[in-house]
Amino acid sequence: MPGEPTLPPGEQPLIPERLLDVPSQRLYYLSLGLLLQAIKVFDVLQNIFASDATTFYGRKWLIIDFAYIATLSRLRIPRLKYSRAVVLLQILSIWFLDGMLFGGISLNLGLMGSSEISSVPSGIPNLPSTPEPFRLSDIFAPLTFGLFSFDTNSKDARLLGQHTVRMSPISTAHFNPQSHTFCLPPVSPVHVLVPILVNNTTPTNVRYSFTPLGSGRVEYVELGTKELKAIEQARAEGLQVVRNKDAGGYDEYDEDDGEETDAGTRLQKTQSLVHLRFSKPGTIRLDRVLDSSNVAARLVHPVEVTVVPCPTAQYTDDAVQDVHCAGETSGVDLTIDIRGVPPLSLQWSKDVNGRKEYFLVEGIEDSGHSHTAQEVARARIPQKLKVPLSLSLDALGEHTYNLESVIDGMGNVVHLNEGHRDAKITRSISVLRRPSVSFKACGPGNPTSLLIGSEVSVALTVSNADPMDGPWDIDVMFEPASGNDKRMKPWDKILRTQENKDDVILKAGVPGEYVVTGIRGKYCDGDVLAPETCKVVEKAMPTAEIEWKRIHECSGDTGVSASLVMHGTPPFQVYYRSQRDAEPPRDLVKTFTSSRGELTLQPEHSGHYYYTFVQLSDAYYKKVALDGPSIDQIVHPLAAADFAGGRGRRVVSSCEGVTVGIEVDLRGTPPWNLELQVVGPRSTDALEITDIKTSPTRILVPIPSVIDKEGGSFDVELVSVVDSYGCRRPISVPGVSVNVRRMKPTVKFYGKHGQREIIILEDDGADLPLRLTGDGPWKIKYRHKGNPDQVFTAVLKSPNDYIHVTQKGVYEIIEVTDSQCPGSVIESESTYAVDWVPRPSARLDPATVCTVEPYNRSHILPPICKGQDAHVDLELTGRPPFQIMYNIARNDEAGGTIVLDQPTFSSIQPHTRFQLHTSIVGRKYYEVKQIGDSAYPLAKHKNAVIPRSERLLFEQEVMARPSAKFKNDNRILFCLNDALTSREAISNDGGVIQLDGTPPFQLALSIRNLAASQVHKETVEVYDKTWILDLPSYRFTSIGPHQITVESVQDSSHCEQKELHPLRRSIWVDVAESAAITPVDKRVDFCVGDVAQFQLEGTPPWSIGYRINGKSYIQEAKESPFSLMHQQAGEFTVTSVSQQQKLCKATITDLQFSVHPLPAAQVGHGKRIFQDIHEGDQAEIVFTLIGEPPFTFTYQRAEPIPKKGGKPGKVLETHTVSGVTTHEYSIFSALEGTWTVTSISDRYCRYPTQSDGVVEKTRH
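None of these values were measured; they are calculated from a predicted model.

Conventions used here
- Residues numbered from 1 in each chain as written.
- Predicted model: local features only at pLDDT ≥ 70, side-chain atom pairs only at ≥ 80, totals over all residues.
- Heavy atoms only, no water.
- Phe/Tyr/Trp six-rings, centres within 6.5 Å; stacked < 30°, edge-to-face > 60°.
- Buried < 20%, exposed > 50% of the residue type's maximum accessible area, 1.4 Å probe, protein only.
- Lys NZ or Arg CZ within 6 Å of the ring centre and 35° of its normal.
- Disulfide = S-S within 2.5 Å.
- Helix = DSSP H or I, 4+ residues; strand = E, 2+ residues; numbered from the N terminus.
- Core = buried A, V, L, I, M, F, W, Y, C linked by side-chain atoms within 4.5 Å.
- Contact = heavy atoms within 4.5 Å.
- Polar contact = N/O pair within 3.5 Å; in protein donor to acceptor, adjacent residues only side chain to side chain.
- Pairing = 2+ DSSP bridges.
- Axes fitted to C-alpha atoms, helices over the stretch in contact; angles between N-to-C directions.
- Salt bridge = Lys/Arg side-chain N within 4 Å of Asp/Glu carboxyl O.

### Observations concerning the packing of aromatic side chains
This model, assessed by the stated rule, comprises 31 aromatic pairs. Considering the side-chain rings of F1193 and Y1195, the 6.2 Å spacing of their centres and the 35° angle between planes classify their relative orientation as tilted. The residues F1193 and Y1195 share a single accessibility class, namely buried. Here the guanidinium or amino end of R1083 rests over the ring plane of F1086, the centre of that ring lying 4.2 Å away.

Here it is as C-alpha cells:
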C-alpha cells in the first residue's frame, strides 16, 4: 500500500493487509494499549484505598502487560516490530513500573535504617546498620507480588496469616425473579434461559418438573453441579459473541438475555444467578435447590414459568400490483398471517414519502374463542389467524407498509422489522403521476419555418411525469398543407422518448399541421396539453430585380450604378464580381437591410471594366444563385491631386538650397498638368508644372528670395489639375507649410576662464555644462577618449543643459542636431577633463623594527610578554582627520585564524601611534581593512574596502607570564613519620599544582610546621604543566597541621610571573596518629534489630572494618561514640579501624559477639483462611511458631473482615500463651471472628521489640 515499504514474505504482518491495512492495525493496537493503561490508573487508585489488594493487582498487571508486549511482537506490525532484546527490555521496564505502582518495589532514598524496629531511641537520625543478607530471591520476589515468597524479614513478614470464622446465614432461591416472559422463536435449534436468583448459597443440585403445552404428562428433571456449570459457561460464551457482533447484527430474540445481564449487574454481594435451559414450550415448576451440604434453599413464590412459541406475523403470498397511477379509485387489499397465543396485538406502520405513521390492532383471536376458566388454561396453545388490511392510495409517491411488532396473550413482544427489509413483513406500492405532453417553441401563433429541400426539428416535451413510468409513447398525427404535393398523404406515428430524457425530436420535411393525440407510459396513460398542434410553413427562396445605369462626366464614362428590388426576408447580402481588363476578377459583397437598394461603382483608375451579380442571401437562404444582368464599360476616372503624407496640413523644413522638394499624388489619366501657388509673407507666385507622367511625383518649389536670404516660412497650395483629356478639375486640399532656416545649431563645453576640468570623489558623478544654439530639443553624441569606440547619445531640452558622467578621463563631443537641422561642434571647446580625489593610505614607519615575510608581505614584530605596553608608528596620506578600521585575529585549533575584533580608531595627524593588544596570549595578526579621511569618511564609504593584496599586515607573538597554583584547597592527611611523596593520601587532587607558561619551570616551595615553628624551603625543576607534590627528602616528624606554600615560579620565557592566586597558593596537611575502637556494652548475644555502641579514638572520620559470617564490610563514622544496628544473624567480628580517609589503620583481634534472628509466628500457615460454619460447629485455629523454644506469644480475636479486603474490625479478646516448647499450637472455637498473632518471644529475642514496656511496632 502507498506510504509502507514492501516487506519480505517472512516479515509480513500476521494479519494480512487484505483483511486490515497496516495503519489501522497500528491504530487499533495502540488504542488498546492506551485503554489498558487508563484501566491501570484506575486500579492504582483502587490499590491505594484497599488495604490488601496489592498482591492481586500486581499479579494481574504483570500478566496483562507481558501478554500485550508478547502479542505485539507476534503480530509483526511494521514500525511496531522490535528485536528480541528490545522486547525483553520493554517487558522488564513495564514490570519495574508495575512494581513501583503496586508496591512490589520501593526505592531507598538515603534512609539507612532497617525496616525492622530496634530499641535505639528515635532521636538518633540516619542510624548506621549492617547490610541485610543477600539472596537471589531478593531481586525477583518483589516483582512476583506474592507469586513466590522468599522474604521472611520484611515488614510484617514475621506475623503472617489470619483465620476468619463466619456463621452461614439462611439461603433462598427465587425462580424468574424479574417475572419475565419467555418464548421460543420458530428457528431451530434455539433455547431460552430462565434465571434462578439464589442468596447466601451456591447451588449444587436443582430439581424441577416440566409439562409440555397441550399435554397432561409431567416430566421431572434433576441437574447437578456439572450441568449447571455447563449452562453458565455456554451462556457466558453466548454473551461474548453478542458483544462482538456488529451493530447491524441485532437479534430480535436476544432481548431477554440483555435484561438478565442488567439484572446480574445489580446483584448484592450475597446473591448470584443460575439458569435453567429449555428448548421446548411448556410449563416449568421449580421443586428444590440444594447446596454442597445438601441443605435446601427456601423457595420464593411463584415457582412456575410457562414457555410458549414466539408470536409471528407476515404477509401472505397473494399477488399484489406494486405500481398504481394517480386518480385510481380502487384501493389495495393485503392479508396478514398471524400465529401465537391469543389474544394477539399487531403494530404496523405506513410510510408515505418519508412521513411515517404507526397503527395498532388489538384483540386478534378466533371468533369462537371462549373465556371460561377451563378455556383460559387451554388458551396457551398458539393459533394461526388471517387478518385483512385495506389500504387507500390517495397520495403520490412511495407507499411502504411495514409489520413492526406482534404481542401474544402471554406478553411476549417480537419486533419484526429491526433495520432490515423483508418481503414477508414489508409491502411497497408506488403511486405515479400521469404524464403530459405538448409542443415546445411551436404553436398556432408561432409556426415553424421549413426551408426547401431540408428538414426542421420540432420538439415535444413530456412534463409532470414520473421517471419510473418512462419511456413514454407519444401519438402524433400529420395533415399536409393545402396545395402541396398530392402524393403526400396524412399519417399517424408513435414516437418514443429516449432513456432518462423528457424530450423527443420530430423531423419535419413536409409543410403541414402536426397534432399530438395522446401519450402512454409504462404504467399510466397521460394528458395532451396546449399547444397540441404545430404548423410547419415552407419559406420561398430570395430573388432580385436589377437595373443598370451608366455614369457619364467630362472625360466620358466614370462608372455605373445599379438599382435593386429584392424579395425574401431581410437582411440581404448581394454578391457581385468586378474585372478590369485582363486582371483577375474580384468578388465583392454588399449588405442591404431593406428590400430596395442602390449600388454605385466608380473606380479610380481607367480601363475596361466588367460587372456581374453572382449570388443573393437573405435571413434563411445563403448564396442563392442569381441570374442577373451584366454590364461592361470603359471607364475614364476624373483627375485629382493631393500632397503625399496623408490628410491634414504638413510642415517641411529647409536648411540649405534655393528650392524645396514636395511629394504630390495624382489620379486620373496621365499626363497631367498641375497648377500651384507659392504664398510668401508679402506676395503670391503661381507655379505650373506640365507633362507629369508618373504618380507620385516630386516637385521642386523655389524659395522666395526674401525668405532665402534671412529665413522664414511660406505656404504651397494646389490650385487645379488637368488630365490627358483636357478636363480641368479644381483642387481643395490642405497645403504645405515650409520653414526655411539659415542658422545651423552649435555645441561646446562651458568652462570659466577656459578651464574645462573637474576633480570629484571616486564614487560621485559629475555634471559637465554645455552651451547650445538652435531650436531644441537637441541630440548630441559624445565619447570617452579612453574608449573611443563607445559613443553615448543624449537628448537635451535646454541651451544650458549638461551631461552626467561617473568615470574619470577626458570626454569629447562629436556631433549635434537640433529639431530641424544638423549642426557643428566648436572644436576648441569640445573636450572636458574629469579626475578623482585620491583615497587615503597607510604604511609602517620606516624606523619600525620588524621582519617582512615575502609570501604575504606581513611585517613580523618582536615577541612581547602578556600585559606589557607596545605600539607601532603609522604614516598616513590623505586629508585629516583619519579613521582606520582594522582586524585583530589569532590562530585557532584547526590551524587557521579567527577574528577577535574589528575596531576603529581616529587620528588627526598624518603620523600616528597604533596601540598593540597584549592582553591575550598567542600570536596576534593585525590587518588594516579600511582607511577614511575627510574626503572619504568611513560612514559614507562602508563598502570601499582596501583590496586584500594592498592591505597593511603585521603580526606579533604575545607570551604568557608564568604562574602556579594548587588545583584545589582540599586538606591532605599523612601519618606521623611519612615522607612527602605522591601516595594514596594525596587524593581528590589535593596535592596537584597547575602551572601556566612555557616549560621548563623553576618552582620554589616552603613547608611550615606550625607545632614546631619550623619552615623548610626547596626549589624543584618541573618539565610539565601539572606536578604532584613529591619531596621524598622531607618527613613529618610531629603531629598537627602543616602548610605548603608556592613562593615563586619562573619559566623559559623569562617573563615576570603573574600574581599568585591568594586562595590556591598554599595547602594544608594534617599529620595524625593511629586510631582505636572499644565496645560500650559487654554483651555477647544480640538480636537482629539491636544496636551495638563503640567508643572511637583518633581524628574523624573513621573507617571501621568488620566481618559477618565470614564476609567483610566497611562502615564510615563521623563521631564517637559510634552506633551500629544489626540486620544479619550470625557471628559479628570487628577487624580494623582507620581514621582520616582510611589512613593510619589499626588491626583489631578481640572484639566479637553473636547476633540471633528474630522469632516469627503464623496463623493458618501464613495464609488468609475464611471458614464458614453453622451453629453448633467448631473451627480449629493453628499457630505455627518459628525460633528457639520455649515460646511466648499473644493472639487476638477481632470482628470478621470481608474476603475482598478492608480495615480490621474491633478487637473482641486478647490472650497470651507462655512456655510453648513445640513449633505448632492449636485452639478450637465456635465463635465468629478473625484470629491474628500480635507478638512472639523465643529464648533470645522478642518480636515486636519493646522499650521500657511500650511496644514500638504497631501493625497497619
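Resuming the write-up.
### Some thoughts on the state of the cysteines
Evaluated as defined, the whole model comprises 6 disulfides. Between C325 and C524 runs a disulfide, and the two sulfur atoms are separated by 1.7 Å. In this structure the cystine formed by C325 and C524 twists about its S-S bond by roughly -100°; its chirality is therefore left-handed. One end of the pair, C325, is in strand β13 (residues 323-325); the other, C524, is in the loop between β27 (512-520) and β28 (527-528), with 199 residues separating them in the sequence. Assigned by exposure class, C325 and C524 land together as buried. Across the disulfide, C442 is cross-linked to C534 (sulfur-sulfur distance 1.9 Å). Negative torsions about the S-S bond denote left-handed disulfides, and the value of about 90° found for C442 with C534 makes this one right-handed. Here C442, found in the loop between β21 (436-440) and β22 (448-451), pairs with C534, found in strand β29 (residues 533-539); they are 92 residues apart in sequence, far enough to count as distant. Here C442 and C534 have matching classes, each one buried.

### As for unusual backbone geometry
The amide bond that connects G470 to the next residue, P471, takes the cis arrangement and shows omega of -5°. Within the secondary structure layout, P471 lies in the loop between β23 (456-463) and β24 (473-480). That bond from G776 to P777 is cis: its omega, 0°, falls within 30 degrees of zero. Take P777: it is sitting in the loop between β49 (766-773) and β50 (778-784). A positive phi angle, close to 55°, is found at N353, a residue other than glycine. Tracing the backbone through its elements, the reader meets N353 in the loop between β15 (344-352) and β16 (355-364). The class for N353 is exposed, based on a relative accessible area of 51%.

### Comments concerning the nonpolar core
If you look at the biggest cluster of nonpolar residues, it comprises 45 residues, and the most contacted ones within it are F1094, I1104, F1132 and V1137. With near-sequence residues (within four places) excluded, F1132 lies in contact with T130, F1094, Y1106, R1107, I1108, L1124, H1126, L1151, Q1152, F1153 and V1155. Counting residues in hydrophobic clusters, the runner-up holds 27 residues, among them V332, I338, L403 and V406.

### Looking at the environment of E927
Within the fold, E927 resides in strand β65 (residues 922-932). The spacing of E927 and A889 is 38 residues in sequence and 8.5 Å in space, taken between C-alpha atoms. Polar side-chain contacts of E927 include one of 3.4 Å to the side chain of R951.

### Observations regarding the sheet that holds strand β70 (residues 992-996)
Strand order in the open sheet made by the 3 strands is β67-β70-β73, with antiparallel pairing throughout. Where the open sheet ends on each side, the last strands, each with one partner, are β67 (963-966) and β73 (1026-1028). Pairwise comparison of adjacent strand axes, ignoring direction, gives a mean angle of 25° for this sheet. Relative to β70, β67 runs antiparallel, the two sharing 4 bridges. Pairing of S963 across the sheet is with D996, part of β70.

### Concerning the pattern of salt bridges
Taken as a whole and judged by the stated rule, the model has 33 salt bridges. For K60, the salt bridge identified is with D43, shortest N-O distance 2.8 Å. Placement of K60 in helix α2 (residues 54-75) and of D43 in helix α1 (residues 22-49) is noted, with a sequence separation of 17 residues between them. Judged by its relative accessible area of 5%, D43 is buried. In this structure, K386 engages D337 in a salt bridge whose closest nitrogen and oxygen atoms are separated by 2.7 Å. Taken together, the residues span a long stretch of sequence, with K386 in strand β17 (residues 383-391) and D337 in strand β14 (residues 332-340) at a distance of 49 residues. A residue is classified by how much of its surface remains accessible, and K386, at 59% relative accessible area, is exposed. Using a relative accessible area of 16% as the deciding quantity, one classes D337 as buried. When salt bridges with common partners are traced through the structure, they connect K40, D65 and D98 into a single cluster.

### Quick look at the pairing of strand β86 (residues 1160-1163)
Side chains A1160 and Q1162 project from β86 onto one buried face, and the interleaved A1161 and V1163 project onto a second face that is buried too. Note: β86 against strand β88 (residues 1179-1186), 4 bridges, orientation antiparallel. Within the sheet, the bridge partner assigned to Q1162 lies in β88 and is T1184.

### Remarks on the sheet that holds β50
In space, the 5 strands of this open sheet follow the order β48-β55-β53-β50-β51, with mixed pairing throughout. With one partner strand each, in any of the chains shown, β48 (757-760) and β51 (787-796) form the two edges of the open sheet. In this sheet, adjacent strand axes meet at a mean angle of 25° when their direction is disregarded. Pairing of β48 with strand β55 (residues 831-836), which is carried by 4 bridges, proceeds in the parallel orientation. Counted as the bridge partner of I760 is W836 from β55.

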